[in-house]
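Here are the chains, one letter per residue:
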Amino acid sequence: MSVHRFEQSNPASAAEACARQMASVLEQALAGRDTAALAVSGGRSPAPMLRALASFPLDFSRLHVFLVDERCVPANDEQSNGRMLEEAFVGPAHAPRRNLHRVHTELPPGRAADHYAEEIRRFFQLDAERMPVFDLIHLGMGADGHIASLFPGDSLVEDRDRIADAVHAEHLSQWRVTLLPGVLLAAHHTVVFAPGADKAAITRRVFEDDFDPVTLPAQIPAHLGRGVAWFSSGD
């Protein structure tokens, strides 16, 4: 297991520390190649971290940004992760919108997932057997221990062979598209941003309970990932 844990005093400090780690990883990736690939999770908590990342002096014109997961809502909906990413990062960073690879939620969920997987294959120039290798994947964690849109009890938690799929979050009455564990584990680097006292108990379980990712999907990066930096806070 290659996980470094960083406990900050409050969510703002955790966001800044996580952004600094992300900037360092991306700077190294861009030093060696023409482009770098980042995948970002949705929800509310990443926005401060992404705004902080946008303030670093990186060449964001060479960064391609993907979504770890997306809610199947219109692109301009306030719940859209793509909209959050544009407002919190793409705009402030003055990054080209063409480098944002969104999920086409105007399609039915299954087709949207297939379309997204095919776009990733084209970008990484993959054959059918290979997984994309992102330079950096950002993951959040829910209070139930979910990551991406991989929820406790879902069989997709055990899928290591495919890139993306649609999932119906029954407790939210919502369809989503999510990257699958094989992609998450293939990344060169991973940051997990899980701030707030409300996530302290589930974080302890992720690291201290027996390995059972179907029950605690966040154990996937915590126990199996490489180059993982886990950021949390007390408040």
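Everything numeric in this text was worked out from a predicted model, so none of it was measured.

(A) Local environment of the sheet that holds strand β4 (residues 69–71). On the basis of which strands lie adjacent, the open sheet formed by three strands has the order β4-β8-β7 and antiparallel pairing. The outermost strands of the open sheet, each flanked by one partner alone, are β4 and β7 (164–169). Direction aside, the axes of adjacent strands within the sheet are offset by 25 degrees on average. In the sheet, β7 pairs with strand β8 (residues 174–179) via six bridges, with the strands oriented antiparallel. Residue pairing in the sheet places alanine 169 in a bridge with glutamine 174 of β8. Against the sheet, helix α4 (residues 109–124) contacts β7 and β8, and its axis sits at roughly 20 degrees relative to β8.

(B) Geometry of the sheet that holds strand β6 (residues 136–140). Sheet architecture is open: seven strands sit in the order β1-β10-β9-β6-β2-β3-β5, paired in parallel fashion. Both edges of this open sheet fall to β1 (3–8) and β5 (100–101), since each of them pairs with a single strand only. Lying over the sheet, helix α1 (residues 11–32) contacts β1, β2 (36–40), β3 (63–67), β6, β9 (190–194) and β10 (228–233), oriented at roughly 160 degrees with respect to β10.

(C) Region of interest: the nonpolar core. One finds Leu38, Phe89, Phe134, Ile137, Ile163, Leu179 and Trp230 to be the most contacted residues of the largest nonpolar core, which totals 83 residues. The element best represented in this core is α1, accounting for eleven residues. Sequence-distant contacts of phenylalanine 89, defined by excluding residues within four places in its chain, comprise Leu50, Leu53, Ala54, Phe60, Leu63, Val65 and Met84.

(D) Broad picture of the packing of α1 against helix α2 (residues 46–54). Relative orientation of the contacting elements α1 and α2 amounts to 45 degrees, with a least axis distance of 8 Å. Overall, the two elements α1 and α2 adopt an arrangement that is oblique. Crossing geometry of α1 relative to α2 is assigned as right-handed. Here Ala15, Glu16, Cys18, Ala19, Met22, Ala23 and Leu26 of α1 come into contact with α2, specifically with Pro48, Met49, Ala52 and Leu53. Split by residue class, the contact of α1 with α2 holds ten nonpolar, no polar and one charged.

(E) How the structure looks around the packing of aromatic side chains. Under the defined criterion, the tally for this structure stands at eight aromatic pairs. Seen from their ring centres, phenylalanine 6 and phenylalanine 231 are 5.0 Å apart, and the 15 degrees between their planes marks the pair as stacked. Of this pair, phenylalanine 6 sits in strand β1 while phenylalanine 231 sits in strand β10, and the two are 225 residues apart along the sequence. Take phenylalanine 6: its relative accessible area is 34%, and that puts it in the partly exposed class. In this structure phenylalanine 231 comes out as buried when scored by relative accessible area, which is 3%. When the centroid spacing of 5.2 Å and the interplanar angle of 65 degrees are considered together, the rings of phenylalanine 66 and phenylalanine 123 count as edge-to-face.

(F) Summary view of the environment of alanine 128. Relative to the helices and strands, alanine 128 resides in the loop between α4 and β6. Here alanine 128 falls in the exposed class, since its relative accessible area comes to 66%. Sequence spacing of alanine 128 and asparagine 81 is 47 residues, and the spatial spacing of their C-alpha atoms is 27 Å.

(G) The arrangement of the packing of α2 against helix α3 (residues 81–93) in detail. The contact between α2 and α3 brings their axes to 8 Å, and the two run at 15 degrees. By the angle between their directions, the pair α2 and α3 is classed as roughly parallel. Remark: the crossing between α2 and α3 carries right-handed chirality. Counting all contacts with α2, which are made through Pro46, Ala47, Leu50, Arg51, Leu53 and Ala54, the residues of α3 involved are Met84, Leu85, Ala88, Phe89, Pro92 and Ala93.

(H) Structural view of the pattern of salt bridges. On inspection of all chains with the given rule, the structure shows ten salt bridges. Here arginine 33 and aspartate 135 are joined by a salt bridge, their closest N and O atoms 2.6 Å apart. Within this pair, whereas arginine 33 is found in the loop between α1 and β2, its partner aspartate 135 is found in the loop between α4 and β6, the two being separated by 102 residues in sequence. A relative accessible area of 6% places aspartate 135 in the buried class. In this structure, arginine 97 and glutamate 86 form a salt bridge, with 2.9 Å as the shortest nitrogen-oxygen distance. Taken together, the residues arginine 97 in the loop between α3 and β5 and glutamate 86 in helix α3 connect sequence positions eleven residues apart. The class for arginine 97 is exposed, based on a relative accessible area of 59%. When its relative accessible area of 25% is taken as the criterion, glutamate 86 is described as partly exposed. It is possible to trace a salt-bridge network through shared partners that takes in Asp159, Arg162 and Asp165.

Criteria and cut-off values
All residue numbers refer to positions counted from 1 along the written sequence of the respective chain. Where local features are concerned, this predicted model is filtered to residues with pLDDT of at least 70; where side-chain atom pairs are given and counted, the filter is 80 or more; whole-chain, interface and lining totals use all residues. To get the side-chain values, all heavy atoms of the structure are used, and hydrogens and water are removed first. Here the rule is simple: two strands pair whenever DSSP picks up at least two bridges between them. To qualify as a helix, a DSSP run of H or I must reach at least 4 residues; to qualify as a strand, a run of E must reach at least 2; elements of each kind are numbered from the N terminus. Convention adopted: a line fitted to C-alpha atoms gives each axis, helices being fitted over their contacting stretch, and angles between N-to-C directions are expressed from 0 to 180 degrees. A contact between two residues is defined here by any heavy atoms of the two lying within 4.5 Å. For our purposes a nonpolar core is just a set of buried Ala, Val, Leu, Ile, Met, Phe, Trp, Tyr and Cys residues, chained together by side-chain atoms within 4.5 Å. Only protein chains enter the accessibility calculation, which uses a 1.4 Å probe. A residue is then buried if its area is under 20% of the maximum for its type, exposed if over 50%, and partly exposed in between. Orientation is classified from the angle alone, with under 35 degrees giving roughly parallel, over 145 giving roughly antiparallel, 65 to 115 giving roughly perpendicular, and any other angle giving oblique. Whether a crossing is left-handed or right-handed is set by the direction in which the near helix is turned from the far one by less than a right angle, anticlockwise for left-handed and clockwise for right-handed. Under the convention adopted here, Pro, Cys and the residues Ala, Val, Leu, Ile, Met, Phe, Trp and Tyr are nonpolar, Asp, Glu, Lys and Arg are charged, and Gly plus all remaining residues are polar. Centres within 6.5 Å are what make two rings of Phe, Tyr or Trp a pair, Trp counting through its six-membered ring; a difference in plane orientation under 30 degrees is then read as stacked, over 60 as edge-to-face, and the rest as tilted. The term salt bridge refers to a side-chain nitrogen of Lys or Arg lying within 4 Å of a carboxyl oxygen of Asp or Glu.

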